[in-house]
Amino acid sequence: MKNGIDDFYPISWPQEGVAGATGAWRLKKPVVDKAKCTNCEICWVFCPEAVINREDITIDYEFCKGCGICAEECPRGAIEMVLED
Amino acid sequence: MLELRIHGYGGQGVVTMAELLALAALESGLVAQTLPFFGVERRGAPVKAALRVSDKPIHIYSQSVEPDFLVLMSEKLLDMGMNVGIKPESNIVLNAPANVAVLGHLVYFVDATGIAIANGLVTDGVPYINIPMYGALCRLIGIEAEVALNVIKNRWPGKVGEKNAAVAKIGYDSLKN
Amino acid sequence: MGTVLDTGCHAVAMAVCNAKVDVVAAYPITPQTSIVEAIAEMVEKGTMATRFLPVEGEHSAMAACTAASAGGARVFTATSSQGLLYMHEVLHMAAGGRLPVVMANVNRAVFPPWSIYVDHQDSLAQRDTGWLQFYCASLQEIYDTILQAFKIAETVSLPVMVNLDGFILSHASMPFFVQEQEVVDKFLPPFEPSWVLDTTNPNSFGNVTDQSVYHLYRKMLQEAILASLPVIKNVAKEYKDLTGFWHGDTFEPYKTDDAEVLVLSMGSMAAEVKSSIDMLRKEGHKVGALRLRLFRPFPADDLAVYVAGKKQLIVLDRNHAFGNEGGILFNEVKAALFGKNNEIKLANKIMGIGGMDLNWQTMAAEIRALLED
């Protein structure tokens, strides 16, 4: 039983980190240049993993897979993809 | 039969490298099998592949659990526990600039990343580490350098193949333990 | 061509190319996709003189295949899992219409929940559609069986499904021998149908029948499937005589002669189980293995011969026979042996569902646990 539902139903629940610490998948990481950022929230809209904080445009690197969509979509060019060391 | 299990990240060319190794084994008169494990097919996701080399027909299709050689394309994979479950006799091959001691195992290393960068085998900031690593692994499993390099030249005819073969040769000569 | 190192999916595509297929209609699905990609590429490059129909789904793929086959073409398609289930209705049309369509099915588990990995539920759920069914255990066998399938299908006017384990046989790269085109041409001459849908001589196909007629067609279909067995054996032998390659016709036996216990299975697990047999023999158990290559028609008489005098038959199933005890193969075996050999003890184990890894050590442990002393 989970959430009052029998186990035999093939259902799963949304949960942070359900696919593991996917931050380890990154080859490059997005770095936000605060001087250029206007808090337009476009990156927050496009991030497929919902790892960008809407309030202060910070990225949760524990789960960011490094797909680079935020950097591609940023209208100010404020996000750079930097090779992981 | 010799069994290798290779761990890396999507985009590092693990599957391509395993296929090149199988071709080199085939060219050396052996039978080979590559068995990629398909999980999430995305750049950056952890990937693994098995390579089996034998002088007899292979009828084993299961995943590699206790390989003779565990190949890690990044030191980071050691931290992720990819070496858990291997047998005491299993040797480890690392892409690393220097040797890393792993208790109870013989560790080979080759600086595949350094070799790729130093020789300009880089696209979009990402080094092709699979080419020097391929060279090193060919030497490890006893494939002659000439055979190893011909496989690369046949795969990429022309200038690209020549360049890749030269880098593979550096990898071949740089394997240490 | 000679020996190449490539994947099981590409072995299928190379055989289809060698078979000089007229029409391919297919829809991509994991892990079958690289079959369709390879064929599409060869058609695009002109290596294959084939009409490729990129349809919008598997139901349409099989509909296009049956129609093209009825028009006199040699046709091929490939699918997997949900795609095969989606085809189900039209599979009956191909078999009932006595159309020699050849299909490669890359075995994959069935939804839900989703799994892209191997088990045999998808193809065994098509057991009663009237298709002949093969299960392969090596890349060489995949290539050879696709070629044999066209010859069998066109000889007995029945569709043939060639099954290969998803990601294991489909994506493993191994060496296999590709025949010269002249050799294949000699083995597989162009398709010459005895009947075609022809606009210059109009006739209809699969028309409405009344009760006095319908059952006769069904009876003829059943008789044709059962009568295909000697043809299948002849084709395997003819292929062997021509090329030297032999994977068994109905079964592939392994150390069965002096065995007291036989282990029966299908697909790639039946290849790896040979190592389990070797291990158990070293421990002193008199075991041998039988690999079922041909599932439909079910070679019941051959099975009876193999198990004659044996103490026990252990059946390993990579599927469920939902609503009945044991797997589908186990139930087939029980039905086949009843009345032929009631003395033999039978045991069953369902394993490897949804791609659960089956190595020879774990299979040996399961077999050891089922041995009756």
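What comes next is a walk through the structure. What you see is a predicted model, and the numbers here were worked out from it, not measured in a lab.

Glancing now at the overall build of chain B. Helix and strand counts for chain B stand at six helices and eight strands. Taking 16 Å as the expected radius of gyration for a compact globule of 177 residues, we find that chain B reaches 15 Å, a close match to that expectation. For chain B, the spread of C-alpha atoms along the principal axes amounts to about 40 × 35 × 35 Å. Considering chain B as a whole, with its 177 residues, one finds that 50% of them fall into the buried category. Residue pairs at least 24 apart in sequence account for 58% of intrachain contacts in chain B once pairs closer than 6 positions are excluded.

Let's shift gears to the overall build of chain A. When helices and strands are counted, chain A shows two helices and two strands. The helix and strand sequence of chain A, counted from the amino end, reads β-α-α-β. Here the C-alpha radius of gyration of chain A, 16 Å, is well above what a compact globule of 85 residues would show, namely 12 Å. Seen through its C-alpha atoms, chain A measures out along the principal axes to roughly 50 × 30 × 15 Å. Looking at chain A as a whole, 21% of its 85 residues are labelled buried. Within chain A, contacts between residues separated by at least 24 positions form 67% of all contacts whose residues are at least 6 apart in sequence.

What follows is about the sheet that holds strand β6 (residues 132–135) of chain C. Residues and elements named next belong to chain C. If you walk across this open sheet you meet the seven strands as β3-β2-β4-β5-β7-β6-β12, and the pairing is mixed. Both outer strands of the open sheet, β3 (51–54) and β12 (294–296), are each paired with one neighbouring strand and no more. With direction set aside, neighbouring strand axes in the sheet form an average angle of 20°. Here strand β4 (residues 75–79) pairs with strand β5 (residues 102–107) via four bridges, running parallel. Looking at the pairing, Ala78 lines up with Ala104 of β5.

The subject of this paragraph is the packing of helix α6 (residues 139–156) of chain C against helix α8 (residues 211–243) of chain C. All names here are of chain C. Contact geometry for α6 and α8: axes closest at 9 Å, N-to-C directions at 135°. One element, α6, and the other, α8, form an angle in the oblique class. By crossing handedness, the relation of α6 to α8 is classed as right-handed. For the pair α6 and α8, the contacting residues are Asp144, Gln148, Lys151, Ile152, Thr155 and Val156 in the first and Ala224, Ser228, Val231, Ile232, Val235, Ala236 and Tyr239 in the second. Taken together, the residues of the contact of α6 with α8 break down into eight nonpolar, three polar and two charged.

This part takes up the sheet that holds strand β11 (residues 287–292) of chain C. Residues and elements named next belong to chain C. In space, the five strands of this open sheet follow the order β9-β11-β10-β13-β14, with mixed pairing throughout. Among the strands making up the open sheet, the edge pair consists of β9 (251–254) and β14 (345–350). For this sheet the average axis-to-axis angle between neighbouring strands, irrespective of direction, equals 20°. The pairing of strand β13 (residues 312–317) with β14 spans six bridges and is parallel. By the bridge assignment, Asp317 is partnered in β14 with Ile350. The strands that helix α11 (residues 328–337) touches are β10 (261–265), β11, β13 and β14; relative to β13, the one it contacts most, it runs at about 145°.

Residue-level contacts link 17 residues of chain C with 17 residues of chain B. Counting residues per element, the side of chain C that touches chain B draws most heavily on helix α9 (residues 268–282) of chain C, which supplies five residues. Looking at the side of chain C that touches chain B residue by residue, the class counts come to nine nonpolar, five polar and three charged.

All names here are of chain C. The end-to-end C-alpha distance of α9 is 23 Å, a good match for the 21 Å that 15 residues give at a rise of 1.5 Å each. Its maximal kink placed at Lys274, α9 deviates by approximately 25°. Taken together, the buried positions of α9 are Ser268, Met269, Ala270, Ala271, Glu272, Val273, Lys274, Ser276, Ile277 and Leu280. Of the residues one or two after α9, Gly284 is the one with positive phi, at around 105°.

Residues and elements named next belong to chain C. One can find Ala104 in strand β5. Judged by the 32 C-beta atoms lying within 10 Å of it, Ala104 falls in the buried class. When near neighbours in sequence (up to four residues on either side) are disregarded, Ala104 contacts Val12, Ile35, Ala78, Ile146, Val162 and Leu164.

Rules used throughout
Residues numbered from 1 in each chain as written. Chains lettered and ligands numbered in written order. Predicted model: local features only at pLDDT ≥ 70, side-chain atom pairs only at ≥ 80, totals over all residues. Helix = DSSP H or I, 4+ residues; strand = E, 2+ residues; numbered from the N terminus. Rg over C-alpha atoms; globule rule 2.2 N^0.38 Å. Buried ≥ 20, exposed ≤ 12 C-beta atoms within 10 Å, placed from the backbone. Contact = placed C-beta atoms within 7 Å. Pairing = 2+ DSSP bridges. Axes fitted to C-alpha atoms, helices over the stretch in contact; angles between N-to-C directions. Parallel < 35°, antiparallel > 145°, perpendicular 65-115°, else oblique. Left-handed = near helix turned anticlockwise from the far one by under 90°. Nonpolar A, V, L, I, M, F, W, Y, C, P; charged D, E, K, R; others polar. Expected span 1.5 Å × (residues − 1). Bend = angle between axes of the 7 residues up to and from the residue.

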